[in-house]
Amino acid sequence: MGWIGDTLDSVKSIQIRQLLTQAVSLGMIVTSALIIWKGLMCVTGSESPVVVVLSGSMEPGFKRGDILFLHMSKDPIRAGEIVVFNIDGREIPIVHRVIKVHERQDTGEVDVLTKGDNNYGDDRLLYAQGQLYLQRHHIMGRAVGFLPYVGWVTIIMTEKPIIKYILIGALGLLVITSKD
């Protein structure tokens, strides 16, 4: 019984070590992703260096599911540029084109008016009540590149959470059962 007990203890010890190794590996992957994200934030100057187009308001230029890469520089924003902005009271950023630039005479600051390429009117109805233009602090970044359709993964997981849970469960099962 001593030899069998020692063998069982040995197997349990290996399983615990393996489980701890896998947990540390998973932690390192998550930490690496966060470090890369923070690094991109520093390099691009944008609080969200990558966004997914969630609506068809920018078609035909950008379609729903396209991923946009953002950059925010000190250069003045010009009409025709595509910007991503947040509106007070809304969580989800909006991707639209600048159609008009307004310089305030008193401060020299530049405010912008935006519009979706596929929309009939400008975005004043989307802005906060009484707001006619977006100020610089509303702008998250300018679009500098895109990957078509790659963002559909995010859209599907947001619109159908069961798929997200199945995917997370499958990945968790894969981590727990892997031998390497």
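All values derive from a computational prediction rather than experimental measurement.

## Concerning the UniProt feature "transmembrane region" (unreviewed entry) in the protein
Part 1 of the argument: Under the local residue numbering, the UniProt record ascribes the feature "transmembrane region" (unreviewed entry) to residues 20–37, 139–156 and 162–178.
Part 2 of the argument: As annotated, residues 20–37 has a helix share of 100% and a strand share of 0%, and its two end C-alpha atoms lie 26 Å apart.
Part 3 of the argument: The span residues 139–156 is 28% helical and 50% strand by assignment, and the distance between its end C-alpha atoms comes to 26 Å.

## Examining a nonpolar patch on the surface
Part 1 of the argument: A cluster of nonpolar side chains, contributed by Tyr149, Trp152, Ile156, Ile162, Ile163, Tyr165, Ile166 and Ile168, occupies part of the molecular surface with about 830 Å² of accessible area.
Part 2 of the argument: Broken down by secondary-structure element, the contributors of at least two residues to the nonpolar patch are α2 (152–159) and α3 (161–177).
Part 3 of the argument: For the nonpolar patch, the leading source of residues is α3, giving five residues.

## Some thoughts on the pattern of salt bridges
Part 1 of the argument: By the definition in use, this model includes three salt bridges.
Part 2 of the argument: A salt bridge links Arg64 to Glu159; the nearest nitrogen and oxygen atoms lie 2.2 Å apart. Taken together, the residues span a long stretch of sequence, with Arg64 in the loop between β1 (50–52) and β2 (67–71) and Glu159 in helix α2 at a distance of 95 residues.
Part 3 of the argument: When its relative accessible area of 25% is taken as the criterion, Arg64 is described as partly exposed.
Part 4 of the argument: Since its relative accessible area comes to 47%, Glu159 is described here as partly exposed.
Part 5 of the argument: Here Asp117 and Arg97 are joined by a salt bridge, their closest N and O atoms 2.8 Å apart. With Asp117 in the loop between β5 (110–115) and β6 (139–147) and Arg97 in strand β4 (residues 94–103), this pair connects stretches of sequence that are 20 residues apart.

Scoring rules and cut-offs
Residues numbered from 1 in each chain as written. Predicted model: local features only at pLDDT ≥ 70, side-chain atom pairs only at ≥ 80, totals over all residues. Heavy atoms only, no water. UniProt positions renumbered as here; feature names shortened; annotations may be inferred. Helix = DSSP H or I, 4+ residues; strand = E, 2+ residues; numbered from the N terminus. Patch = residues over 30% accessible without salt bridge, like charges linked within 9 Å, V, L, I, M, F, W, Y side chains within 5 Å. Areas by Shrake-Rupley, 256 points an atom, 1.4 Å probe, with all protein chains shown as cover. Salt bridge = Lys/Arg side-chain N within 4 Å of Asp/Glu carboxyl O. Buried < 20%, exposed > 50% of the residue type's maximum accessible area, 1.4 Å probe, protein only.

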